[in-house]
Amino acid sequence: MKPTELLRRTSVRTLLATGLVTSLALVSGCAKSEDDGNKNDKGSAAAGDSGQVVASPDAGSGPSCDISAYGGEKLDLKNATVGFSQSEKEANPFRIAETASIKAEAGKRGVKLLTANAQSQFSKQISDVQDLIAKGADLLVIAPLNSDGWEPVLRSASAKHIPIVTVDRKINATACKDYVSFIGSDFVEQGKRAADRMIEATGGKGDIAILLGAAGNNVTTERTKGFEDRVKEKAPGLKIVFKQTGEFSREKGQSVTENLIQSKPGITGIYAENDEMGLGAVNALKGAGKKAGAVKIVTIDGTRNAVQGIVDGWISGVIESNPRFGPLAFQTLDSFTKGDKVAQDIVIQDSAYTDSNAKADLGKAF
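All figures in this text were calculated on a predicted structure; none of them were measured in a lab.

**A few points about the overall build of the protein chain**
- Counting secondary structure elements, the protein chain contains 11 helices and 17 strands.
- Out of the 366 residues in the protein chain, the part that is buried amounts to 57%.
- Taking contacts inside the protein chain between residues at least 6 apart in sequence as the whole, the part at least 24 apart equals 77%.
- For the protein chain, the exposed area adds up to about 14400 Å²; of that, 47% sits on carbon and sulfur atoms.

Next up, the structure:
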C-alpha cells in the first residue's frame with residue numbers, strides 16, 4: 001500500500017476485537033515532541049490526527065484472552081494500581097511520547113500509576129518490575145528492552161495473578177498464560193515499506209547499508225527481515241553491502257555511519273531502523289561534506305526531527321511507528337479486568353512521511 005493512501009486516515013476507528021466491543025477515544029495531544037530543536041506546541045496534532053488506529057485483528061478473528069483463562073479476578077480499573085515499566089532513557093523522542101501518553105491516559109481515567117525507567121539496562125528493568133509488584137501494582141504495562149529473560153518477572157506476576165500488557169516490543173513467552181496482550185506495530189511490514197521507499201528513492205540500484213537496531217528484541221529482527229525480503233523480491237539491483245548495529249541511538253548511528261563512508265565511499269542508501277540512528281547518519285554525512293540527498297536515507301519512527309529531515313532534503317522517507325500507547329493500553333486493561341475477551345495481538349496501523357506530505361503533516365510527528 002502506498003504511504004499516501006494511509007496518510008488521509010485521520011479519523012479514529014472502532015476496535016471490535018474478539019468480544020472487545022468498545023469505542024476507542026484515542027487522544028494524542030499528550031505526546032507532543034520534546035526532541036531537541038522542536039519544543040513548541042504549534043505542531044501538536046489534534047485528536048485523531050496521530051492517535052493509534054487498530055489495523056488488526058478484525059472482529060471475531062485471532063486468538064483472544066479473558067480473565068478466566070488467564071487467572072485472577074475481575075476488578076474496577078479505577079480502583080486499581082497500574083505499574084508502567086519504561087525500558088530506555090527518555091532522550092529518545094519515541095520514549096518521551098510513549099511515557100507521556102501512558103501518564104496522560106492514567107490521569108484522564110483517575111487511575112493510580114507507578115512508573116519506573118530502566119535507563120536502557122535490562123537487569124534494572126527486571127528489578128524495576130519486581131519493585132512495581134512489591135509496591136502493589138495490580139496490573140502491569142511493560143515496554144520491554146529485550147524479548148528474552150523475563151522469567152523472574154513472569155513467575156512473580158503469575159503468583160499474584162497480575163495481568164501484563166506489553167507495548168512496542170514483544171516478550172518471548174506465552175500469551176494468555178504469561179502475559180495478556182501485545183500492542184504494537186507490524187515490524188516486518190514496516191521493514192517492507194521502508195524497502196519500498198528505498199527502492200523508489202534509489203531507482204532500485206546501488207549499494208545500501210543497514211543500521212541495525214539493538215540486538216535481543218523482536219523489533220530489530222523483524223524490521224531487518226521485512227526490509228531484506230522486500231529488496232530481494234523487488235530490487236535485485238540493490239545490494240546490501242553493510243550491516244552494523246547503531247543500538248537505536250543517534251550517537252552510535254553517527255559513529256557507525258562515519259566508519260561506513262570511510263569504508264564504502266560510494267554508498268547509495270542507508271536504511272536506519274529508527275529515526276535516531278538516521279539522524280546520526282545525517283550528522284555524519286554533513287560532517288563528511290556530503291550534500292543533502294546524495295545518500296538516500298530511510299528511517300522508521302516518525303519523530304519531528306526526522307520528518308523535518310525530509311523537508312530539508314536529507315531524508316527520503318520515514319515509516320511511522322506510533323508510540324502513543326496510553327489510550328489503547330488502558331482500554332485493553334479495562335475491558336480485560338471487566339471480564340471481556342481481548343486480542344492477544346493488537347496490531348496498530350502506521351502512517352508514513354515522504355517529500356509529498358512531510359511539510360504539511362509535520363504536526364502529526366512526535
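**Digging into the pattern of salt bridges**
- Scanning the entire structure with this criterion turns up 21 salt bridges.
- In this structure, K243 engages E228 in a salt bridge whose closest nitrogen and oxygen atoms are separated by 2.8 Å. Here K243, found in strand β11 (residues 238-245), pairs with E228, found in helix α7 (residues 218-234); they are 15 residues apart in sequence, far enough to count as distant.
- The exposure class assigned to E228 is partly exposed, which follows from its relative accessible area of 24%.
- A salt bridge links R230 to E233, with the shortest nitrogen-to-oxygen separation between them at 3.5 Å. With R230 and E233 both in helix α7 and three residues apart, this pair spans about one turn of that helix.
- Taking relative accessible area as the criterion, R230 reaches 13% and is therefore assigned buried.
- Classification of E233 by relative accessible area gives exposed; the value is 57%.

**What about the state of the cysteines?**
- Throughout the structure, instances matching the rule amount to one disulfide.
- Here C65 connects covalently by a disulfide to C176, the sulfurs 2.1 Å from one another. Across the disulfide from C65 to C176, rotation about the S-S bond amounts to roughly 80 degrees, and the bridge is consequently right-handed. Here C176 lies in the loop between β8 (164-167) and β9 (181-184) and C65 lies in strand β4 (residues 64-65), a separation of 111 residues in the sequence.

**So, the environment of S64**
- Among the structural elements, S64 can be located in strand β4.
- For S64 and V180, which are 116 residues apart along the polypeptide, the C-alpha to C-alpha distance reads 8.7 Å.

**What to know about the pairing of strand β5 (residues 81-86)**
- With six of six residues buried, β5 lies mostly within the body of the structure.
- Burial along β5 is two-sided: the residues T81, G83 and S85 and V82, F84 and Q86 are all buried.
- With four bridges joining them, β5 and strand β7 (residues 139-142) adopt parallel strand pairing. Across the sheet, the residue bridging to V82 is L139, located in β7.

Conventions we followed
- Residues numbered from 1 in each chain as written.
- Predicted model: local features only at pLDDT ≥ 70, side-chain atom pairs only at ≥ 80, totals over all residues.
- Heavy atoms only, no water.
- Helix = DSSP H or I, 4+ residues; strand = E, 2+ residues; numbered from the N terminus.
- Buried < 20%, exposed > 50% of the residue type's maximum accessible area, 1.4 Å probe, protein only.
- Contact = heavy atoms within 4.5 Å.
- Areas by Shrake-Rupley, 256 points an atom, 1.4 Å probe, with all protein chains shown as cover.
- Salt bridge = Lys/Arg side-chain N within 4 Å of Asp/Glu carboxyl O.
- Disulfide = S-S within 2.5 Å.
- Pairing = 2+ DSSP bridges.

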